[in-house]
Amino acid sequence: MDTKGRLIAGSHNRNEFVLINADEVGKVTSVKELSGQICQICGDEIEITVDGEPFVACNECAFPVCRACYEYERREGNQACPQCKTRYKRIKGSPRVEGDDEEDEFDDLDNEFDPHQTAEATLSARLNVGRGNPNASAYAGSEMDPDSIGTEIPLLTFGQEEDGISADKHALIIPPFMSRGKRVHPVSDSSISLPPRPMDPKKDLAVYGYGSVAWKERMEDWKKKQNKKLQMVKHEGGYNDGDELDPDLPKTDEGRQPLSRKRPIASSKLSPYRLMILLRLVILGLFFHYRIMHPVHNAYGLWLTSIICEIWFAVSWIFDQFPKWVPIERETYLDRLSLRYEKEGKPSELAHIDIFVSTVDPLKEPPLITANTVLSILAVDYPVDKVSCYVSDDGAAMLTFEALSETSEFARKWVPFCKKFQIEPRAPEWYFAQKVDYLKNKVDATFVRERRAMKRDYEEFKVRINGLVAMAQKVPEDGWTMQDGTPWPGNDVRDHPGMIQVFLGHDGVRDIEGKVLPRLIYVSREKRPGFDHHKKAGAMNALMRVSAVISNAPYLLNVDCDHYINNSKALREAMCFMMDPTSGKKICYVQFPQRFDGIDRHDRYSNRNVVFFDINMKGLDGIQGPIYVGTGCVFRRQALYGYDAPKKKKAPGKTCNCWPNWCCFCCKSRKNHKKGKTTKDKKKIKGKDTSSTQIHALENIEEGIEGIDSDKAVLMPQIKLEKKFGQSPVFIAATLLEDGGVPPGASSASLLKEAIHVISCGYEDKTEWGKEVGWIYGSVTEDILTGFKMHCHGWRSVYCMPKRPAFKGSAPINLSDRLHQVLRWALGSVEIFFSKHCPIWYGYGCGLKSLERFSYINSIVYPLTSLPLLAYCTLPAICLLTGEFIVPELSNYASIVFMALFISIAATTILEIRWGGVGIDDMWRNEQFWVIGGVSSHFFALLQGLLKVLAGVNTSFTVTSKAADDGEFSELYLFKWTSLLIPPMTLLVMNIIGVVVGVSDAINNGYDSWGPLFGRLFFALWVIFHLYPFLKGMMGRQSNVPTIIIVWSILLASILSLLWVRVNPFRSKGGLMLEVCGLDCE
């Protein structure tokens, strides 16, 4: 799409569409400038041929007619030019019509019997017709008239005879249309199914090309090619799961092998782990039996509260533990991927990938970080013509736009440098930050020289970006103005048109070595007051639509603006799963683990989240696949469109002839019952199997719609598609292509119009976007919902953990931001819990497996754990202040049960660490922050969720700030004022006061009181150790807790302690308490 490097802005609803030229002063041009000649019949733009010349239908007068009208005139009209009345000659690439035999001067056997290109051109013309074009409806109606079809169109089969079809009705299948595309669903456009060339049986076959010298030579070449391939086959056989290998691939041992494999965990590690889980379940049963059967009568309230909390913790542990029952690891083979899809001397056959980068506020998400992410994408180790990078600026900030413009200019130097020397990582900020001495080990002098020059260029680039950031701190009163004097269209963040800018990928922009660069496209969707834009999920859906119009790659990768590609072969790693012929068709996405920079080695706030990514996700990969975590994920576009996963073909039923007839009575009755089905039922069943090898052009349109008018019957599929995907013919056509691709004859003007149309704020109204299509709405954590819906459709996902981390990102730089991040995740889970998509009651009877459902249930109910966790962390302080305890005096049996429970918990953790490969410090930090987040962020998220459901009060989350410079972690422990810090600080102060009071009481009462005190002290110290980061924050050198937090925490702890002592619910209410007098009155 050639936009000549200018910004496209417009609004479909307001019929606004302008092309802003930022290079020439004050020039604003119309989009008509991008168009070529206009067809004088239908008004569409005349396409450009393969030779780069405009299509010419008539060689006599060159009357401007598009290919679609030319084909239609030759097929249905008088076959003459409308201006000079000269008969149209057949042009190479067009099917023959009657009267072409004697006047053809060239041999075009590839196309004369193949209506592929004609259908392609016809569909392209239909897509180019504007929504307001008066000729569009007439043209479409004339082609879609079922009466004009009649019985001339033969039923299409894949060379297989059908019992219900006469021999004269068989024909060859029309190849998939539009470039690489495979149709997922039949298109209800009768113009696609064209009649084959009529053949006169009285004429010699040589007239049609069959039997000619050229034909024989072509057949001989084909036979030699096949024999050459057969000589390379070293073994016979294949996969049993419907393996469909590339017919052009040499079937050598290496070529036929899968591109990846599962690597199960060693049984020596996994078997003891499973055995310990079962043993722990038994011990839990004995523990609860004892606890319930031995209440504490003098502290019944404390005992009952502790029992309820412990039961909830046990249920939560079950939901968390059993999805890790069958963990696996995976291994990829990049060399086999290259062998299969990158043949020497041929263009690469790797699939196209569209990469989405989302950003909102450039002041909280520094443009330098976004620039590094984009640079790492542009320099990825993948064919440049198959990569398109889309940057979504949901804040319509001119700062982001200008930073991206600078980034595109710097990429012309950075990309060839990366590919020339194969450096890692390919984000310049982190590449130059590596502490590596490049002067050692006799490094190539050319590399050292160019690296120094590139580092100077990058430092200048940083100065320019930082200068833009400094300039953006103060917004002019009249708003921002572009270089040509045009006001920035996004000056009003809440009311602005959609904007598209193609920075790289159009003609004329190449790197400093003259090579092509990947596409880089800036997108800011339209926003207007009164519309719900659905935050990040809405922005991702807008990117999904605009990318389908412009590039329509079959696979998508989405990353946050702070997650750069750390492994340049990450896309190839994902393609080893997606393009695997044995199992790739059922994979909806490949999830990579998140890794982070800028975290201290102690990781006190558990930013790395190693336990989740290295243990939980491996367990899910052994069931139905990992959950989607919002970034670092490669999707199959068709799965995001809401289509079901392809179903595996069932093996043919087995028959047995060795048993007497009376033994097979039941089987025979079933067979007879099946034979009794009507032909109509068979047609319906056949119509449901979209993956069948039989495609019947008429049956696909007419079946199941008897009793409906024939004209409406043809339009039914189109209406359904518009209700699902919206009213964009270009986008709807793109959704029908399994392997992606765009119409080759589509004009730049029409694509630009459709691109602006699909990002308009009202496009999703009365469609299934956000409900069944794309990223799902209804929660701020759209990632969980989106992955859940795809798994419900029967898809499976894959977890890919390459040795070199695929992506790295920035973590929140202080505890307050970290808690706000956890608050947003927990709030999203609460919203899902109260929605119709809650996995507790949604999705039964579909493709979701039981253990996978357990995992999703655990991912949305964990915020509810905050209530029992708050109560349980308060119990130790109450026990120490009152002298009571939640457990009666232990017997020998009870001591054994309690010890067995503690040992089983420790053993389970150790065995999990053993097969998961994480450190014990990572496990402890995860447990520690589980308590901190549970009593703070999860609790507030639950309150906000209840307010939203019950009172309709919407709450907005704060975007976590990303570190622009690692520095020396100077701000890592900096506390900012937030109400989330009050609950954990209050619990910490209460338990410290309880410990002081308990120890003081034991000192005063003597030796006998120390025994009962140990249980209470252990309980309180468990809470204090889990809240250790707060204690360190109060006493550490790097952290200063705001005084207001300390004051509020001490005040609340004092009030609760005094209130408890005053009420004292454990005092006997039956009367006076009589005690034995200690004095001897006698």
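Each chain has its residues counted from 1, running along the sequence as written. Side-chain atom pairs in this predicted model are given and counted only at pLDDT of 80 or more, local residue features only at pLDDT of at least 70, and totals for whole chains, interfaces and linings cover all residues. Values shown for side chains rest on all heavy atoms present in the structure; no hydrogens or waters enter the calculation.

Draft legend 1. Spatial organisation of the overall build of the protein chain. Per the secondary structure count, the protein chain includes 35 helices and 18 strands. Across the 1082 residues of the protein chain, 51% fall into the buried class. Long-range pairs, those at least 24 residues apart, make up 77% of the contacts in the protein chain with a sequence separation of at least 6. All accessible areas in this document rest on Shrake-Rupley with a 1.4 Å probe, and a residue is counted as covered only by the protein chains that are shown. Accessible area of the protein chain: about 53100 Å², with a carbon and sulfur share of 56%. Numbering goes from the N terminus for both helices and strands, where a helix is a DSSP run of H or I of at least four residues and a strand is a run of E of at least two. When accessible area is computed with a 1.4 Å probe and restricted to protein chains, residues below 20% of their type maximum are described as buried, those above 50% as exposed, and intermediate ones as partly exposed. Residues count as neighbours in contact if any of their non-hydrogen atoms are within 4.5 Å of one another.

Draft legend 2. Local environment of the packing of helix H25 (residues 782-792) against helix H27 (residues 850-861). Across the interface, H25 lies against H27 with an axial gap of 12 Å and an inter-helix angle of 160°. The angle between the axes of H25 and H27 places the two elements in the roughly antiparallel class. Between H25 and H27 the crossing geometry is left-handed. For the pair H25 and H27, the contacting residues are Ile784, Gly787, Phe788 and His791 in the first and Glu852, Tyr856 and Ser859 in the second. Gly is placed with the polar residues, together with every amino acid not listed as nonpolar (Ala, Val, Leu, Ile, Met, Phe, Trp, Tyr, Cys and Pro) or charged (Asp, Glu, Lys and Arg). Here the residues of the contact of H25 with H27 are counted per class, giving 3 nonpolar, 3 polar and 1 charged. Every axis in this analysis is a line fitted to C-alpha atoms, fitted for helices over the stretch in contact. Angles between the N-to-C directions lie between 0 and 180 degrees. Each angle is binned into one of four classes, with values under 35 degrees roughly parallel, values over 145 roughly antiparallel, values of 65 to 115 roughly perpendicular, and all other values oblique. Handedness of a crossing is defined here by the sense of rotation of the near helix relative to the far one, left-handed for an anticlockwise turn of less than a right angle and right-handed for a clockwise turn.

Draft legend 3. Broad picture of the pairing of strand S11 (residues 519-524). Most of S11 sits out of view: 5 of its 6 residues are buried. Alignment of strand S9 (residues 387-393) against S11, held across 5 bridges, turns out to be parallel. When the bridges of S11 are listed, valine 391 appears paired with tyrosine 522. Two strands form a pair only when DSSP identifies at least two bridges running between them. The pairing of strand S10 (residues 498-504) with S11 spans 5 bridges and is classified as antiparallel. From the neighbouring strand, methionine 499 faces S11, where its bridge partner is serine 524.

Draft legend 4. Spatial organisation of the environment of leucine 368. Tracing the backbone shows leucine 368 in helix H11 (residues 367-378). Sequence separation between leucine 368 and valine 469 is 101 residues, and the spatial gap between their C-alpha atoms is 9.3 Å.

Draft legend 5. Just the environment of valine 357, in detail. Mapped onto the elements, valine 357 comes out in strand S8 (residues 353-359). The buried category is assigned to valine 357, whose relative accessible area is 0%. Each C-alpha atom, one on valine 357 and one on aspartate 393, is 8.7 Å from the other, the two residues being 36 residues apart in sequence. Once you skip the residues sitting within four places of it in the chain, valine 357 turns out to touch Thr373, Ile377, Cys389, Tyr390, Val391, Ser392, Leu543, Val559, Asp560 and Cys561.

Draft legend 6. Seen up close, the packing of helix H17 (residues 610-621) against helix H30 (residues 920-935). Between H17 and H30, whose axes approach to 9 Å, the crossing angle comes to 110°. When the interaxial angle is binned, H17 and H30 end up roughly perpendicular. Residues Val610, Val611 and Ile615 of H17 pack against Asp922, Met923 and Asn926 of H30. For the contact of H17 with H30, the per-class residue count stands at 4 nonpolar, 1 polar and 1 charged.

Draft legend 7. Layout of the sheet that holds strand S18 (residues 807-810). Read from one edge to the other, the open sheet built from 3 strands follows the order S13-S18-S15, with strand pairing classed as mixed. At either margin of the open sheet sits one strand with a lone partner, and together these are strand S13 (564-565) and strand S15 (595-597). One ladder, built from 3 bridges, connects S15 with S18; its direction is parallel. Residue aspartate 597 lies in a different strand from S18, and its bridge partner there is serine 810.

Draft legend 8. How the structure looks around a nonpolar patch on the surface. Together, Leu279, Val282, Leu286 and Tyr893 make up a nonpolar patch on the protein surface, roughly 370 Å² of accessible area in all. In terms of residues, the nonpolar patch owes the most to one element, helix H8 (residues 267-293), which gives 3 residues. Along the chain, leucine 286 falls in helix H8. In this structure leucine 286 comes out as partly exposed when scored by relative accessible area, which is 40%. What makes a patch is a set of residues exposed beyond 30% relative accessible area and free of salt bridges, joined within 9 Å when like-charged and within 5 Å when nonpolar (Val, Leu, Ile, Met, Phe, Trp, Tyr). Should a side-chain nitrogen of Lys or Arg be within 4 Å of a carboxyl oxygen of Asp or Glu, the pair is scored as a salt bridge.

Draft legend 9. Representation of the nonpolar core in the model. The biggest cluster of nonpolar side chains holds 74 residues, and the ones touching the most others in it are Trp414, Leu520, Met575 and Val590. Of all the elements, helix H12 (residues 398-421) adds the most residues to this core, at 11 residues. Apart from the residues within four sequence positions on either side, leucine 520 is in contact with Val374, Leu378, Cys389, Val391, Leu404, Ser408, Gln501, Val502, Phe503 and Leu504. Here, nonpolar core means buried Ala, Val, Leu, Ile, Met, Phe, Trp, Tyr and Cys residues that are tied together by side-chain atoms lying within 4.5 Å of each other.

Draft legend 10. Fine view of a positive patch on the surface. A cluster of like positive charges, contributed by Lys262, Lys586, Lys648 and Lys849, occupies part of the molecular surface. Mapping lysine 849 onto the fold places it in the loop between helix H26 (815-833) and H27. By the counting scheme adopted, Arg and Lys are positive, Glu and Asp are negative, and His together with the chain ends is not counted. To locate a charge, take atom NZ for lysine, CZ for arginine, CG for aspartate or CD for glutamate.

Draft legend 11. The arrangement of the packing of aromatic side chains in detail. Here a Phe, Tyr or Trp ring, Trp counted by its six-membered ring, pairs with any other such ring whose centre lies within 6.5 Å, and the pair is stacked when the planes are under 30 degrees apart, edge-to-face when over 60, and tilted otherwise. Taken as a whole and judged by the stated rule, the model has 49 aromatic pairs. One aromatic cluster is present, formed by Phe410, Trp414, Phe417, Phe421, Tyr431, Phe432, Phe447, Tyr458 and Phe461 through successive ring pairs. Ring-over charges, as used throughout, are those where CZ of Arg or NZ of Lys falls within 6 Å of the ring centre and within 35 degrees of the ring normal. Here the guanidinium or amino end of arginine 818 rests over the ring plane of phenylalanine 929, the centre of that ring lying 4.6 Å away. Between the NZ or CZ atom of arginine 853 and the centre of the ring of tyrosine 844, over which it lies, the distance is 3.8 Å.

Draft legend 12. Focus on the pattern of salt bridges. Inspection of every chain in the model, using the stated rule, returns 31 salt bridges. Note that glutamate 772 and lysine 789 form a salt bridge whose closest N and O atoms lie 2.9 Å from each other. Pair noted here: glutamate 772 is in the loop between helix H24 (748-758) and H25 and lysine 789 is in helix H25, with a separation of 17 residues, a long-range link. Residue class for glutamate 772 comes out partly exposed when judged on its relative accessible area of 29%.

Draft legend 13. Molecular detail of unusual backbone geometry. Between glutamate 424 and proline 425 the backbone carries a cis peptide bond, its omega angle lying at -10°. Turning to its location among the elements, proline 425 is positioned in the loop between H12 and helix H13 (428-432). Although it is not a glycine, glutamine 422 sits at a positive phi angle of roughly 55°. Of note in this structure, asparagine 552 is not a glycine but carries a positive phi near 55°. Tracing the chain through its elements places asparagine 552 in the loop between helix H15 (535-550) and strand S12 (555-560). For asparagine 552, a relative accessible area of 0% gives the class buried.

Draft legend 14. Structural context of the environment of isoleucine 500. Within the element layout of this structure, isoleucine 500 appears in strand S10. In this structure isoleucine 500 comes out as buried when scored by relative accessible area, which is 1%. For the pair isoleucine 500 and leucine 752, spaced 252 residues apart in sequence, the C-alpha to C-alpha distance is 8.6 Å.

Draft legend 15. Examining H12 more closely. One less than the number of residues in a helix, times 1.5 Å, gives the span that helix is expected to have. Compared with the 34 Å implied by 1.5 Å per residue over 24 residues, the 34 Å span of H12 between its first and last C-alpha is a close match. Each residue is assigned a bend, namely the angle between axes fitted to the seven residues that terminate at it and the seven residues that start at it. Of all the bends in H12, the greatest, near 45°, is centred on alanine 411. Where H12 terminates, the next one or two residues include glutamine 422, which has phi positive at roughly 55°.

These figures capture arrangement, not role.
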